[in-house]
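Spelled out, the chains give:
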Amino acid sequence: MLKTISILLILFSINIMDDEVDIEKRGATKRKEITGALASALKMNNFDMLTSYIPEENEILYLKNHASQKDKYIYDQIDVETFKNQTKENFATVEEAGISHQLNWSETELVDQQEMKKNENNYTVFMAVQDMNGKTMKLSYDAIKIKEKWFLFQGIRVEQCLTVRKDCPK
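Residues numbered from 1 in each chain as written. Predicted model: local features only at pLDDT ≥ 70, side-chain atom pairs only at ≥ 80, totals over all residues. Heavy atoms only, no water.

J.: Describe the packing of helix H3 (residues 57–66) against helix H4 (residues 69–76), naming the residues involved and giving the relevant values.
T.: Contact geometry for H3 and H4: axes closest at 8 Å, N-to-C directions at 150°. Of the possible angle classes, the one that applies to H3 and H4 is roughly antiparallel. Both H3 and H4 take part in a crossing whose hand is left-handed. From H3, Ile 60, Leu 63 and Lys 64 reach across to H4, where they touch Lys 72, Tyr 75 and Asp 76. (Axes fitted to C-alpha atoms, helices over the stretch in contact; angles between N-to-C directions. Helix = DSSP H or I, 4+ residues; strand = E, 2+ residues; numbered from the N terminus. Parallel < 35°, antiparallel > 145°, perpendicular 65-115°, else oblique. Left-handed = near helix turned anticlockwise from the far one by under 90°. Contact = heavy atoms within 4.5 Å.)

J.: Pulling in residues and values, what's your account of the confidence of the model for the chain?
T.: Summarising the model, the chain shows a mean pLDDT of 84, and 80% of its residues fall at 70 or more. Taking the mean pLDDT of every element in the chain, the minimum, 46, falls on helix H1 (residues 2–20) and the maximum, 96, on helix H2 (residues 31–44). Note that pLDDT drops below 50 for residues 4–19; the model gives that stretch six contacts with residues more than four away or on any other chain. Note that residues 163–170 has pLDDT below 50 and, in this model, 17 contacts with residues that lie over four places away or in other chains. (pLDDT = per-residue confidence, 0-100.)

J.: Would you mind going over the pattern of salt bridges in detail, with residue names and values included?
T.: Side chains that differ in charge, positive against negative, can pair when their charged atoms come close. For the structure on display, the rule yields eight salt bridges. The salt bridge partner of Glu 115 is Arg 31, with a shortest N-O separation of 2.8 Å. Placement of Glu 115 in strand E1 (residues 109–119) and of Arg 31 in helix H2 is noted, with a sequence separation of 84 residues between them. Look at Glu 115 and you get partly exposed, because its relative accessible area is 32%. Through salt bridges with shared partners, one network takes in Arg 26, Glu 56, Glu 59 and Lys 84. (Salt bridge = Lys/Arg side-chain N within 4 Å of Asp/Glu carboxyl O. Buried < 20%, exposed > 50% of the residue type's maximum accessible area, 1.4 Å probe, protein only.)

J.: For the side chain of Arg 31, give the residues involved together with the corresponding values.
T.: Taking relative accessible area as the criterion, Arg 31 reaches 17% and is therefore assigned buried. At 2.8 Å, the side chain of Arg 31 and the side chain of Glu 115 are in polar contact. (Polar contact = N/O pair within 3.5 Å; in protein donor to acceptor, adjacent residues only side chain to side chain.)

J.: Outline the nonpolar core, supporting the account with residue identities and numerical values.
T.: In summary, soluble globular proteins display a tendency toward joint burial of nonpolar side chains. By size, the foremost hydrophobic cluster in this structure holds 40 residues, and its most contacted members are Leu 38, Leu 50, Phe 91, Val 94, Met 137, Tyr 141 and Phe 153. Among residues more than four places away in sequence, those in contact with Phe 153 are Pro 55, Ile 60, Leu 63, Tyr 75, Ile 78, Phe 83, Asp 142, Ala 143 and Ile 144. (Core = buried A, V, L, I, M, F, W, Y, C linked by side-chain atoms within 4.5 Å.)

J.: Give me the environment of Val 94: which residues, what numbers.
T.: With respect to the secondary-structure elements, Val 94 resides in helix H5 (residues 80–100). Separated by 45 residues in the primary sequence, Val 94 and Leu 139 place their C-alpha atoms 8.3 Å from one another. In contact with Val 94, not counting residues within four places along its chain, are Leu 42, Trp 105, Met 137, Leu 139, Ile 156, Arg 157 and Val 158.

J.: Provide a residue-level description of the packing of aromatic side chains, including the pertinent values.
T.: On inspection of all chains with the given rule, the structure shows four aromatic pairs. Between Phe 47 and Phe 91, the ring centres sit 5.5 Å apart and the planes meet at 65°, which makes this aromatic pair edge-to-face. Of this pair, Phe 47 sits in the loop between H2 and H3 while Phe 91 is found in helix H5, placing the two residues 44 residues apart along the sequence. Each of the two residues, Phe 47 as well as Phe 91, counts as buried. Considering the side-chain rings of Phe 83 and Phe 153, the 5.2 Å spacing of their centres and the 35° angle between planes classify their relative orientation as tilted. In this pair, Phe 83 is assigned in helix H5 and Phe 153 in strand E4 (residues 149–162), connecting sequence segments 70 residues apart. There is no split in this pair, since Phe 83 and Phe 153 are both buried. A cation over an aromatic ring shows up here: Arg 31 above the ring of Trp 150, its NZ or CZ 4.5 Å from the ring centre. (Phe/Tyr/Trp six-rings, centres within 6.5 Å; stacked < 30°, edge-to-face > 60°. Lys NZ or Arg CZ within 6 Å of the ring centre and 35° of its normal.)

J.: Go over H5, please, and point to the residues and values.
T.: Compared with an ideal rise of 1.5 Å per residue, which puts 21 residues at 30 Å, H5 spans 30 Å between its outermost C-alpha atoms and is within 8% of the ideal. Taken together, the buried positions of H5 are occupied by Val 80, Phe 83, Thr 87, Phe 91, Val 94, Glu 95, Ala 97 and Gly 98. Burial along H5 is one-sided: seen end-on, the buried residues are contained in an arc of 165°. Exposed and facing more than 90 degrees away from the buried side of H5 are Glu 89, Glu 96 and Ile 99. Two residues or fewer past H5, Gln 102 is found with a positive phi of approximately 60°. (Expected span 1.5 Å × (residues − 1). Arc of directions from axis to C-beta.)

Below, the structure written as structure tokens:
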């Protein structure tokens, strides 16, 4: 009897935690919102503009509690601080790649966005920014849907630089 009560309490507390996972003020209602925020953050060299789009402890906990058995191991391995720091490092790497290829970040505009669906809740988003001199950088990032909101997931990557130099990271 005591064991049954303990199990019920655990299940009840998990339900409460799910209900308490309040992400209404975080994330994006549409994936395109993240792309716009990322383009603006790169333009202004301000990573902090992305913080509301990066999953925090509540969102990761929600993923862990609702993941399929196939995907559960991925979310169980995530340390929130490490994840955030890695995303910040990726942001800096993209900024540096643009600078080394003479892209003027402060004059860039978002010129293209395309998406590739991995599954219902995961997309890879491809975007291109271009400066006033016509130099273009193609980037990508992964987006994940958590409780009806979209978040930046798995970093930001340089796909291609269309500038005067040929050695842009891929």
